[in-house]
Amino acid sequence: MKAFYRFVLVSGLLLVLFTIAPNQSFSQKRPPASPGVLIVSTQANAIVWVDEIRRGTTDASGKLSLKILPGRHTLRVRATGFKEVTTPLLPGRRGSIAVKLAPTGDKAELAFQQAETARETARDAAAREQAAELYRQAIDLRPAFPAAHVGLARVLMELGDTPTALEEIAAARRTRPIYPEASAVEGRIHRDNSSNEKAIASFRRAIREGRGFQPEAHVGLARIWEGEGQYGNAVSEYELAIKQLSESEPIIYQLLGAVYEKLQKPKEAVGAYEKYLEIAPNGSYASAIRSIIDQLRREAAGQQLLPE
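A brief report on the enclosed structure follows. Residue positions are counted from 1 within each chain, in the order its sequence is given. Note on the predicted model: pLDDT of at least 70 is required for a residue's local features to be given, and 80 or more for side-chain atom pairs to be given and counted; whole-chain, interface and lining totals, by contrast, use all residues. The basis for the side-chain values is all heavy atoms of the structure; hydrogens and waters are excluded.

**Quick notes on the packing of helix 9 (residues 231-244) against helix 10 (residues 250-262)**
Just so we agree on the cut-off: Axis lines are fitted to C-alpha atoms, over the contacting stretch for helices. Their N-to-C directions set the angle, which ranges from 0 to 180 degrees. In this description a helix means any DSSP run of H or I spanning at least four residues, a strand means any run of E spanning at least two, and both kinds are numbered starting from the N terminus. For classification purposes, angles smaller than 35 degrees are called roughly parallel, those larger than 145 roughly antiparallel, those between 65 and 115 roughly perpendicular, and all remaining angles oblique. For a crossing to be left-handed, the near helix must be turned anticlockwise from the far one by less than a right angle; the clockwise case is right-handed. Here, residues are in contact when the closest pair of their heavy atoms is within 4.5 Å. Note on residue categories: nonpolar means Ala, Val, Leu, Ile, Met, Phe, Trp, Tyr, Cys or Pro, charged means Asp, Glu, Lys or Arg, and polar means any other residue, Gly included.
Where helix 9 meets helix 10, the closest approach of the two axes is 10 Å, and the angle between their N-to-C directions is 160°. Here helix 9 lies roughly antiparallel to helix 10, going by the angle between them. Here helix 9 and helix 10 pass one another in a crossing that is left-handed. The residues of helix 10 that touch helix 9, namely those facing Tyr231, Ala234, Val235, Tyr238, Glu239, Ala241 and Ile242, are Ile252, Tyr253, Leu255, Leu256, Val259, Tyr260 and Lys262. Of the residues contributing to the contact of helix 9 with helix 10, the split by class is twelve nonpolar, no polar and two charged.

In C-alpha cells:
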C-alpha cells in the first residue's frame, strides 16, 4: 500500500510546475529571521509575484496574504485585462498594500495573459499547443518580450520539444541577459533531457543571477542530487527553497519527506509530511501523505519493539 501511495505522489509531482528577496545570509550566531505577513489588495483573481516568484492568486475580494522574509523585495501583480504593475517593497514593509491596476488595450500583453492562463490550465498536448500559439502571437506583436519567450519555453518543454525550448530561452536572454527564471527553466529542460551537468550549471547560474534567491533552481538541484543518491545535498537544497518561499509551498515538504525516508530518518520524514498537511490539509496529496505517516509510525513502533 505504501508503494502505491508513493507512485501516486511521484506521478502527480511530474505535473507540478514551479512558476516559485535577495537571499538572506544567516550568521551562525543569530537565529534565522522570521517572515512577516503582507496583505496585497488589488483586483480579484490577480496573480502575485514576489521577487519574480509566483506566490498565489487573490481571492474574490482581491486580497492575498503572504509571508515574506525581511529585506528588500519586488512585488508584481497581474490581472487579466489590466496592465501589469511592479512596485518595490522597502525593508520592513508589512501589513496591507493596495495595488491599483489600470485596464490595458495592449494586444501583445493581452495575448500573453491568455497564453499564461492557457498554459496553467492545460491538461493535454492539444491544450498546450494552443497555449504555445498564444505565446507566439504575443511575440509576433512584441518581439522583445522575454517573459513570453520563457512561457513558450515552458510549454515546449512539456511538449518534449527540447531544442526549440532552448531557442526560446536564448531569445529571452537577448533582451534580458540577466534573467534568473530563464536560467532556472533552462536547467529544468536540461534535467528533463538527462543532461545533468548542463542542468547544474544552469541552476547555479539562476541562483547567481538571483543573488542567491531562486527557489525553482534550488528544487531543481535537489532533484538532481536525489537522483544521484546525494541525499544530504538534496535536503540542503530543499530546505533553502522552503526558507526562500517562507514555508508557503507545501509540495516541497512532500519532496523533503521522501528524501528523509531514503536517509532512513522516519522522525524527520514525518515532520516534513506533517508540515505539508499543516499548510495544505485538503491538498492533492493530503490523503496519501496521511497514509504514509501512519505507515512510518507503525514501522518506527515495530523497530522499537525489536530486541537489542
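**A word on the pattern of salt bridges**
For the record, the criterion: Salt bridges are counted wherever a side-chain nitrogen of Lys or Arg sits within 4 Å of a carboxyl oxygen of Asp or Glu. Only protein chains enter the accessibility calculation, which uses a 1.4 Å probe; a residue is then buried when its area is under 20% of its type maximum, exposed when over 50%, and partly exposed in between.
Enumeration according to the criterion identifies 16 salt bridges in this entry. Where glutamate 181 meets arginine 154, a salt bridge forms, and the shortest distance between an N and an O atom there is 3.2 Å. Pair noted here: glutamate 181 is in helix 6 (residues 180-192) and arginine 154 is in helix 4 (residues 146-158), with a separation of 27 residues, a long-range link. Overall, the relative accessible area of 18% leaves glutamate 181 in the buried class. Its relative accessible area of 1% is what places arginine 154 among the buried residues. Of the charged contacts, one joins glutamate 209 and arginine 205 as a salt bridge, the two residues approaching to 2.9 Å between their closest N and O atoms.

**What to know about the sheet that holds strand 7 (residues 95-98)**
Heads up, the condition is: Strand pairing follows a simple DSSP-based rule, namely that at least 2 bridges must link the two strands.
Spatially, 4-1-7 is the arrangement adopted by the three strands of the open sheet, whose pairing is mixed. Single-partner strands in this sheet number two, and they are strand 4 (63-68) and strand 7. Across the sheet, the axes of successive neighbouring strands diverge by a mean angle of 25°, strand direction being ignored. Pairing geometry for strand 1 (residues 36-41) and strand 4, over six bridges, is antiparallel. Following the sheet pairing, valine 37 is matched in strand 4 by lysine 67.

**A short note on the nonpolar core**
For the record, the criterion: Think of a nonpolar core as a cluster: buried Ala, Val, Leu, Ile, Met, Phe, Trp, Tyr and Cys residues, connected wherever their side-chain atoms sit within 4.5 Å.
Grouped together as the largest cluster of nonpolar side chains are 41 residues, with contacts concentrated most on Tyr238, Ile252, Leu256, Tyr273, Tyr276 and Ile289. Broken down by secondary-structure element, the contributors of at least two residues to this core are helix 7 (196-209), helix 8 (215-227), helix 9, helix 10, helix 11 (266-279) and helix 12 (286-305). Those residues in contact with tyrosine 238 that sit more than four places away from it in its chain are Val219, Ala222, Arg223, Glu226, Ile252, Leu255, Leu256 and Val259. Counting 26 residues, the second-largest nonpolar core is a separate cluster that includes Ala111, Ala115, Tyr135 and Ala148.

**Some thoughts on the sheet that holds strand 6 (residues 85-89)**
As summarised here, the arrangement of the four strands in space is 3-2-5-6, forming an open sheet in which the pairing is antiparallel. With partners counted over all chains shown, the strands left at the sheet margins are strand 3 (53-57) and strand 6, one partner each. In this sheet, neighbouring strand axes are inclined to one another by 25° on average, regardless of whether the strands run parallel or antiparallel. As paired strands, strand 5 (residues 73-78) and strand 6 are joined by five bridges and run antiparallel to one another. Bridge pairing in strand 6 places arginine 76 opposite threonine 86. Where helix 2 (residues 107-121) meets the sheet, its contacts fall on strand 2 (47-50), strand 3 and strand 5, and the angle it forms with strand 5 comes to roughly 95°.

**Focus on the side chain of histidine 218**
With respect to the helices, strands and loops of the structure, histidine 218 is situated in helix 8. The contacts of histidine 218, once residues within four sequence positions are left out, are Ile207, Gly212, Glu237, Leu240, Ala241 and Gln244.

**Observations concerning the packing of aromatic side chains**
Operational definition: Any two rings among Phe, Tyr and Trp, with Trp reduced to its six-membered ring, count as a pair given centres within 6.5 Å; such a pair is stacked if its planes are under 30 degrees apart, edge-to-face if over 60, and tilted if neither. Put simply, a charge is over a ring when the Lys NZ or the Arg CZ is close to the ring centre, within 6 Å, and near the line of the ring normal, within 35 degrees.
Under the counting rule described, the total for this entry stands at two aromatic pairs. An angle of 55° between the planes, with centres 6.1 Å apart, marks the rings of phenylalanine 112 and tyrosine 135 as tilted. Taken as a pair, phenylalanine 112 in helix 2 and tyrosine 135 in helix 3 (residues 125-141) lie far apart in primary sequence, 23 residues in all. Grouping residues by exposure puts phenylalanine 112 and tyrosine 135 together as buried. Arranged with centres 4.9 Å apart and planes meeting at 40°, the rings of phenylalanine 112 and phenylalanine 145 form a pair that is tilted. One end of the pair, phenylalanine 112, is in helix 2; the other, phenylalanine 145, is in the loop between helix 3 and helix 4, and 33 residues separate them in sequence. A single burial state applies to phenylalanine 112 and to phenylalanine 145, both of which are buried. One aromatic cluster is present, built from ring pairs that chain together Phe112, Tyr135 and Phe145. Here the guanidinium or amino end of arginine 142 rests over the ring plane of phenylalanine 145, the centre of that ring lying 4.2 Å away. Sitting above the plane of the tyrosine 179 ring, arginine 176 keeps its charged end 3.9 Å from the centroid.

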